[in-house]
Every structure is written in structure tokens, then in C-alpha cells.
Amino acid sequence: MSTAAVEPAPRAVTLDSNRDPVNDFSVVVATVNGSGSQTANNTLVRALFKMGIPVNAKNLFPSNISGLPTWYTIRISKDGYVARREGTELLVAFNPATAAADLQSLPRGGVCVYPEDAKFERSRDDVTYYALPVKSLIANLGVDKKLVDRVANMVYVGALAELLGIEREVIREALSYNLSGKQKAVDLNYNVVVAAAEFVRENLPKQDPYRVERMDKTDGLIMIDGNTAGALGALVGGLTVMAWYPITPATSLADGVNEYAPKLRHDPQTEEPTYAVVQAEDEIAAIGMVLGAGWMGARAMTSTSGPGISLMTEFVSFGYYAEVPGVIWDVMRMGPSTGLPTRVSQGDVLKAYYLGHGDVRNICLLPGTVKECFEFGQTAFDLAERFQQPVLVLSDLDLGMNAWMSEPFQYPDKPLDRGKVLNAEQLKAMEGWGRYKDIDGDGISYRTLPGNEHPAAAFFTRGSGHNASAGYSERPDDWVSNMARLARKHETARQYVPKPVVDRREGAKIGIIAFGTADPAIVEARDRLSTLAGIETSYMRLRALPLGDEVTQFIAEHDRVYVVELNTDGQMHQLLRLHAPEHAMQLRSIAYSDGLPLTARYVTEQIYEMEQK
């Protein structure tokens, strides 16, 4: 396996600019999956972050336990850009199996750091090399043989710290953070870092221009991954039941609930837990538990990815028609079939929106930042209970599993929205209540919860045909009436779901529409298009389905609107054409999916080339 399948060599740059190598370059660390490189890589990223330098990292790993190649890319950008870049200036070649291909991916003037005791051919003369005596450095420190493989990666941490100018004290602080303050482990790893840094200082004079300098652009920020943020947001938003089945890349969301629920969900008097986390036997059982808990009045959710979503179809369809709340986090990955479990995609959009049987349209949230993952933790529950149906949150692997810079999260200042739930007194005052009656004209009926002592509160939940009073019915007029009400409810939802984020530039005749983790590439591409080609663009980032009138208005304001997404078929582009058919000819699809996070260069070149035509 070569890096060509994971980190492509840079293409010819048609719209790029010369960059100052200080605080503006990328590093790729090539290792073997399962070799313990995660601690080393996280230490580098956290140290850079604590030096006030904007940084983003992406872990490109194979879908196996260990033994295959893995790449970890670190982008350092003084301008705060966090999209993946095509090509990296610095290579840490610690995997002999991919070293030759990794070396060829470096641009002219790049840097290669490698173990001198490994089989490695310096096949290029336009690259700077730094050879590290990994084995002898560790041997001189007297490291226990059982731990040698675990700390070997700290050699490149020390080497990069010295070569780039990363402060040693922040390296030590980052180690302490990543190793949970375990002093013995911190000291062991830090001693390797220092030994490697001293070797570089004494034996390898710096011959490249790449370095970092302390900044203040990350002051007050945090770093967190989207799955952890989503777990925290769900708990803050009232989660009491989590049912799940393991699947990449959604497992760490359930892990986050398991980690924080004991701290946030317990009785202050008895210290007994006030939540339940259940690992179900499969995804079908998980969503069944969620809807059962939702019917009882609990705020319940599950986390999964594309294959799990497929298995949940029948229950989601039941929840939509029987009108039972629940939340599903779909952390999207590559498909079809089981696809590429450790690669990113936005390929579940159509499936999620129409998930079910017959005429079903679901509410879907589209977080684009880790802060929105946190905020949508409560929003998803509020919408599920307000509209009495399953709500899907479409995150993805890049957002869910990688760490991102963010402003600190704020505890919600609004109460939970439980929707139209009747207590006994309210039910007593209501004449002619029926479980599926549209009393207010918004398509949303009133419901009761088990435990309501009023005798009229009880009803049979119907997943099959029913009338307004929840009685079984196969009458055509009952079916038509009920489906019309559900359609009205969906129209009402357009006013409740999170609105798009819009940035209009004066005089821009070109618009861009995107969602989720396409955002970082578009933010950077817009600046490139403006600076390098004089092309001004306006930008709308969608945050939910169904789409609203503001989307139609945005399209109407521009001559051409490019829809950028990480799938092959242009799924959001199709939904937009259905939403605004009168403006369909103004919409252009830029859909691309290769398993890797989108780059600004790709977006820039696509729009530039299409505009030239």
C-alpha cells in the first residue's frame, strides 16, 4: 500500500501563492497502525496549539487492528486555515513499507526525517534529510525492552521539536495531558524526547526553512473531537438513555457518553446513576430501545454509521408514522457496502432524509463544527420531541474522530423543549382529544406519556394505518388525512430547524452552498479565488433539512451557485433542485469523494475552471 492511495502527491498548482515557511506548512507522519504513534502525534499537535499556533490534524488510518500503514497529517497555518492540504512539506518516514512512495510525495525542497537504522534509500537530491539513530538513542536511556516499541515514536517528536522550534516545556505539558498525568510514563517519554532533541542539536545542523514561532491565536480556545462534543451536548441536552452497537466511526460517541455520564447523570442524594447506556446486540435492537425509551418520555439516542442506518430503516419508518421521538447520530463514512470504514464521506444525505417506507421525510441536522456538534446535542432532542419523530444528526468521520480548535462550549440558556405533552390537568381541560388530531393547524398533534393518571391518556401506538384517535384503520380517507397532516408537520419543521449560515460579499454573482466538513476547504478557497483570480463569492452553509425559503432566496440572488459536497452523486445538489426547481439551471454540482477530507485547492480549481467556461 502506498501513500498514493491515501495522501496524493501534489498536483500542478494553477492557483496558489508562495508561502512564508514560518507557521505555514504541513507535516505527515507515516507509521504502522498499532505502533503507539497516537500519543506522539497528539503530543505534537497539543504542543503547537499551546504555543498559540492554529493547527489541525487528520488521522488517516486503515480499517484493521494493526500492521498496515497509517498517516497522520498536521497542518500549521498562521492564517487559521484548517482544511487538509494536498501535499506536505515535512515527512516523518517511520514506516519502511511506504517510505519510498512517501518520499516521492514530497514537493521540491521538502524535508524527510527517518530512522537511520531502517532500510531507506535517499532517492531524491532535492530534499533535505535528517537521519535519526532511534535504536541507539533508546538503548542509551536503558528503556525496558517491553516498552521500546511504545516510546520509539517519541524520537521523532524530539527531533521535530528541535528542528521546528517547538518549546520543550509545552511538549512536556502536552505529554502530561495525553498520559493523564501519570508521572512515570511522562518522564519516560519526555526523556526520549530530550535525548532526540539533543542529538539533533549536536549532530544535525538545520538545513531547511520550516519553523514555528509562538503566536496568540489559540488563546481561550479548546481542542476537541466532534464525537466527544456530541456526547457532551446530548448529556447537557437531557440524554438519559443511550443504546448503541459498535461501528466505526461512531463508537467514540458512545464512549464519550460512557465517560461523562457518570459525572453528569447521577442522583445528588443517593449517587445512583440516572441514566442507562446499553450496548445492544445489533443496530436493530439499539434503535428499538431508543424508540421504546422515547415513547416512555426519556430523551434517548443511538450512534451509528451508514450500514447501521440501513438496518434501522424499519424502526425509523415506524417512529415517523407512529410519531415517537428519538435521536440518531449518523457519523458518515464511505460506502457502498461496508465501504471504507475509516474514510470520510457525506454519502448518507438522501438515505437519511428519506429513510423509511413510502412517503417519509426526516428532520436531519448538519453540524459543521465541533461547537455545533455540542449545540445540536440538545437541538436534536428538542426537535425530536417537538415534532414527535426520529431526528438524524449527520456528522462524519473527519468531524467526529479528529480534533478541532473551537471556542469553549456554553451551557444552554434555554429550557428543554418537550413539545406538546399533556399532563392530566391539561387533558381534562381539552375537549375531544385524539392522539393524532391536528388541533393547532401545524400538523403536530398532542401526546401523553405513560404514568398520566387521566383515563383518556391511554392509547395504542399505531405503526400501521390509524385514524385521528389512534384506532386501527384501513380507510382510504384516514390514510390520506394522516399523510396530509404529516406533510403539514414537515412544512412546520422548516421554521424550527437551524438556519443556514450565510456570508454575502458585495457584488458577488457567484454563490457556494455546502454543509458539514466541506466548510474549511470552502472558507480557504473563497479567499484564494478572491486574491488570486479576482472572483468574489457568497457562501451559504446549510445546517439542516428540510430546507427553507432562505435557501431559495440565496440561489435566486446569484447567477451561478456551486454545490460542494463529499459524495459522488451530488446528493445535496439533487435536493436543492427539488427544493427550488425554478432555479435548477443556476445550480452547479461539485461533488467529489475519494475518502479524504476536501482540500481548498480542489474547490478553487474546480470553480475557477468552470467559471472560465
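Rules used throughout
- Residues numbered from 1 in each chain as written.
- Predicted model: local features only at pLDDT ≥ 70, side-chain atom pairs only at ≥ 80, totals over all residues.
- Heavy atoms only, no water.
- Domains from an automatic or database assignment.
- Contact = heavy atoms within 4.5 Å.
- Buried area = accessible area lost by both parts, 1.4 Å probe.
- Salt bridge = Lys/Arg side-chain N within 4 Å of Asp/Glu carboxyl O.
- Polar contact = N/O pair within 3.5 Å; in protein donor to acceptor, adjacent residues only side chain to side chain.
- Helix = DSSP H or I, 4+ residues; strand = E, 2+ residues; numbered from the N terminus.
- Nonpolar A, V, L, I, M, F, W, Y, C, P; charged D, E, K, R; others polar.
- Patch = residues over 30% accessible without salt bridge, like charges linked within 9 Å, V, L, I, M, F, W, Y side chains within 5 Å.
- Areas by Shrake-Rupley, 256 points an atom, 1.4 Å probe, with all protein chains shown as cover.
- Buried < 20%, exposed > 50% of the residue type's maximum accessible area, 1.4 Å probe, protein only.
- Core = buried A, V, L, I, M, F, W, Y, C linked by side-chain atoms within 4.5 Å.

## Some details on the domain arrangement of the chain
Here the domain parsing of the chain yields domain 1 (2-203), domain 2 (224-406), domain 3 (424-496) and domain 4 (501-612). Relative to domain 3, the C-alpha centre of domain 2 lies at a distance of 25 Å. In this complex, domain 2 contributes 22 residues to the contact, which on the side of domain 3 involves 26 residues. When the buried surface of domain 2 facing domain 3 is broken down by residue, Tyr321, Glu323 and Phe387 rank first, second and third, together holding 36% of it. Where domain 2 meets domain 3, there are three salt bridges. Salt-bridge contacts for Arg447 lead to Glu385; the nearest nitrogen and oxygen are separated by 3.0 Å. For the pair domain 2 and domain 3, the number of links is twelve residue pairs in polar contact (both at pLDDT 80 or more). The set of elements that each furnish at least two residues to the side of domain 2 that touches domain 3 consists of helix H10 (283-296), helix H12 (313-322) and helix H14 (370-387). Split by residue class, the side of domain 2 that touches domain 3 holds twelve nonpolar, five polar and five charged.

## With respect to a nonpolar patch on the surface
A cluster of nonpolar side chains, namely Ile284, Leu311, Phe315 and Phe318, defines an oily patch on the protein surface of about 310 Å² accessible area. Examined against the element boundaries, Phe318 turns out to sit in helix H12. With relative accessibility at 31%, the residue Phe318 sits in the partly exposed group.

## A few points about the nonpolar core
If you look at the biggest cluster of nonpolar residues, it comprises 56 residues, and the most contacted ones within it are Ile74, Leu132, Tyr156, Leu160, Ile166, Ile171 and Val212. In terms of residue count, helix H5 (residues 154-164) provides more of this core than any other element does, nine residues in total. In this structure Leu160 touches Val27, Leu44, Leu90, Val92, Val113, Gly165 and Ile166, once residues within four positions along its chain are discounted. Counting 49 residues, the second largest nonpolar core, distinct from the first, contains Met332, Leu366, Phe459 and Leu575.

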